[in-house]
Amino acid sequence: MEVLSWSSRERVERTVVLNKALLLEVLRAAWEEGDASGSDVYARVARRYARHTGYVPSKTEVVSGYRALVAEGALPFDREFLRRLQRKPVRTSSGVAPVTVLTKPYPCPGKCIFCPTFINMPKSYVPDEPGAQRALQNEFDPYRQTLSRIRAFEAIGHDASKVELLILGGTWSAYPRDYQEWFIKRCFDAMNGVEAASLEEAQRLNETAPHRNVGLVIETRPDAISPREIVRLRRLGVTKVQLGLQSLDDRILALNKRGHTVEDTRRAIRLLRAAGFKIVVHWMANLYGATPASDYEDFLRLWKDPAIRPDELKIYPTSLLENTELYQYWLEGKYQPYEEQVLVDLIARCKTQVPRYCRINRVFRDIPTPHIVAGNKKTNLRQLVHAYMAERGMQCQCIRCREIRHQRVDPATLRLDVLTYETDVTREYFLSFVTPENRIAGFLRLALPQTPDVVPVEEIRHAAMIREVHVYGPALPLGTDGEGEAQHSGLGRRLIAQAMAIAREAGYREIGVIAAIGTRNYYRRLGFELRELYMVRSL
Ligand code: SF4
Ligand SMILES: [Zn+2]
């Protein structure tokens, strides 16, 4: 290995030795990506470097490495790039600190042909994926994983008093119930800084804890959702569910051995929506048996079918990995990944079809390149798609493409945008405050259930339901004021007042909210009271 070395005064006089080819590759990739607005360039470079070597270079090391490569003529000098590399990390721009934790390796009932199996990993996870690495280092212990993430945020100057907890790892509902409860309790213990005697106590403590839980996400399969499961998820404090639907074509589902049908997906989404959950779906392109044309048709079903219409979306083009059944098909010549340009064109066309109420979280799964046998290996696929779209005047209207992130806003210039749409069981209101440039400063999702009997939980059967309130701006410590930053200019309250007015007008006598444990006091101040699983107030 050719190395780049120089001496450094940082970390006690020593010679820094970095893998030159790798540093060159990650710096060049970051440079080519241009200014992915608000993203921390140093963090991106360091993360990618660490993924291959396990070593996290410091900012000084990366900057010195860049200068050395420029001096050698290996990279062009770009003042703007250097400035971005040196810039202070942006604070958590979506307003909360996301903490991802993985459950222990455990078998999944699924037999999906594209899904990898690695020893010592939960089903579908690849050992050197960033999140998986951290989980492994902490031996999948929920307490240690949560605590180390919170500490890592604080070490780089982020505020972590509001935590969104994302629990990943195969199929949540397949784990034993006592493991689920223990796992979540230990995450709460870490946020609380004290050990509670029970999950209920840990949740109660979190209402006033230093790190409050403002969202709790699990991932599962459509056939695992039932009315009973809904109640259990609420008891655990879950507010958002990621559902792997993968395709809306029963033929494709069967070919890929998904083991569930489109009707199962409809039923799951119906129950989740009627119970006020936020719904993220995973949709896959390039599955076995699909073509770019059939994928595009399938993508349109996400919006045409009133039973689907998700709040957030992760697009996962199939990555061909060795430890899968699909790999055999590929060896036998029965499966072929799309060419890069075909994939970029497909995703670009899909993006133009996404309604304004949906957020596209990802357009590929971040699997370390060496594991991918064939097909797309570009980790900057999103940038490639955006460049392709910009050249052709194509536009994505999704929330992610329009959110203000850490920008300052003048509340006086904001306009309330009201978008309504129907699902099979609710009338949905997507209320957003937008800037004169049409950027979103905050939004609220209100669901008006059309018949009480679709609601799987008694205590909210006759209530309008606030499914989500999200206000952008840097995460500020609880109780502090950020001048002009969206989170603290009362946008949340204004959105809630608007939702109450709409519900009252529609004849509802009460309104509920699927409040995360750490937001209960916020809603109490607005007149909501805790029932068993939801907070409700009369109108
Ligand atoms: S359900 Fe999910 S985790 Fe289980 S085999 Fe299928 S893709 Fe993998
Ligand atoms: Zn978008």
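Below: a short report on this structure. (Residues numbered from 1 in each chain as written. Chains lettered and ligands numbered in written order. Predicted model: local features only at pLDDT ≥ 70, side-chain atom pairs only at ≥ 80, totals over all residues. Heavy atoms only, no water.)

Quick look at empty space enclosed by the protein now. The final tally for this structure, using the stated rule, is four cavities of 30 Å³ or more. Approximately 110 Å³ is the volume found for the largest cavity. As for the largest cavity, its lining consists of 15 residues, of which Ser319, Phe364, Arg365, Ile372 and Asn376 are closest to the centre. Tallied by class, the residues present in the lining of the largest cavity amount to six nonpolar, six polar and three charged. (1 Å grid on protein atoms, 1.4 Å probe; cavity = no way out; pocket = protein on both sides within 12 Å on 5 of 7 lines; lining within 4 Å. Points joined across faces, edges and corners; volume = space filled by probe spheres on them. Nonpolar A, V, L, I, M, F, W, Y, C, P; charged D, E, K, R; others polar.)

So, on to the site of ligand 1. Contacts to ligand 1 come from Cys108, Gly110, Cys112, Phe114, Cys115, Lys123, Ser124, Gly170, Thr171, Arg221 and Arg258. For the shell around ligand 1, the residue count by class is four nonpolar, four polar and three charged. (Near = heavy atom within 4 Å.)

Attention now goes to the coordination of the zinc ion (ligand 2). By definition of the ideal shapes, a tetrahedral metal site with four donors has angles of 109.5 degrees and an octahedral site with six donors has angles of 90 or 180 degrees. Looking at the metal site, the zinc ion (ligand 2) is ligated by Cys396 (SG), Cys398 (SG) and Cys401 (SG), spaced 2.2 to 2.3 Å from it. Mapped onto the polypeptide sequence, the residues donating to the zinc ion (ligand 2) form the spacing pattern C-x1-C-x2-C. The class of cysteine 398 is buried, set by a relative accessible area of 0%. (Donors = N, O, S within 2.8 Å, 3.2 Å for Na, K, Ca; no water. Buried < 20%, exposed > 50% of the residue type's maximum accessible area, 1.4 Å probe, protein only.)

Further remarks concern the environment of aspartate 40. You can see aspartate 40 is positioned in the loop between helix 1 (20–33) and helix 2 (41–53). A residue is classified by how much of its surface remains accessible, and aspartate 40, at 18% relative accessible area, is buried. With 282 residues separating them along the chain, aspartate 40 and glutamate 322 place their C-alpha atoms 32 Å apart. (Helix = DSSP H or I, 4+ residues; strand = E, 2+ residues; numbered from the N terminus.)

Glancing now at the layout of surface pockets. Of the volumes computed, that of the second largest pocket is approximately 380 Å³. Taken together, the elements giving at least two residues each to the lining of the second largest pocket come down to helix 1 and helix 2. Take the lining of the second largest pocket: its biggest share by element is seven residues, from helix 1. Among the residues forming the lining of the second largest pocket, the class breakdown is five nonpolar, four polar and eight charged.

Okay, helix 1 next. Between its first and last C-alpha atoms helix 1 spans 20 Å; for 14 residues at 1.5 Å apiece the expected length is 20 Å, and the two agree. All of the buried residues in helix 1 are Lys20, Leu22, Leu23, Leu24, Val26, Leu27, Ala30 and Glu33. The backbone nitrogen of alanine 21 has a side-chain oxygen 3.1 Å away, supplied by the residue at the start of helix 1, namely asparagine 19. Glycine 34 sits one or two residues past helix 1 and shows a positive phi near 70°. (Expected span 1.5 Å × (residues − 1). Polar contact = N/O pair within 3.5 Å; in protein donor to acceptor, adjacent residues only side chain to side chain.)

What follows deals with the nonpolar core. Within the largest apolar cluster, 131 residues are counted, with the highest numbers of intra-cluster contacts made by Phe277, Leu302, Leu446 and Tyr534. No other element matches helix 17 (residues 491–505), which puts seven residues into this core. Leaving out residues up to four positions away in the same chain, phenylalanine 277 has contacts with Ile230, Leu233, Arg234, Val238, Thr239, Lys240, Val241, Leu272, Asp311, Arg467, Ile514 and Tyr534. Listed in part, the 20 residues of the second largest apolar core include Leu23, Leu27, Val63 and Leu75. (Core = buried A, V, L, I, M, F, W, Y, C linked by side-chain atoms within 4.5 Å. Contact = heavy atoms within 4.5 Å.)

What follows deals with the sheet that holds strand 16 (residues 535–538). Taken together, seven strands build an open sheet; the order of strands is 10-11-12-13-14-16-15 and the sheet is mixed. At either margin of the open sheet sits one strand with a lone partner, and together these are strand 10 (415–422) and strand 15 (529–530). Pairing of strand 12 (residues 440–449) with strand 13 (residues 463–471), which is carried by six bridges, proceeds in the antiparallel orientation. Within strand 13, the position partnered with arginine 445 by the bridge is glutamate 468. Running over the sheet, helix 17 touches strand 10, strand 11 (426–434), strand 12, strand 13, strand 14 (510–513) and strand 16 and is turned about 25° from strand 12. (Pairing = 2+ DSSP bridges. Axes fitted to C-alpha atoms, helices over the stretch in contact; angles between N-to-C directions.)

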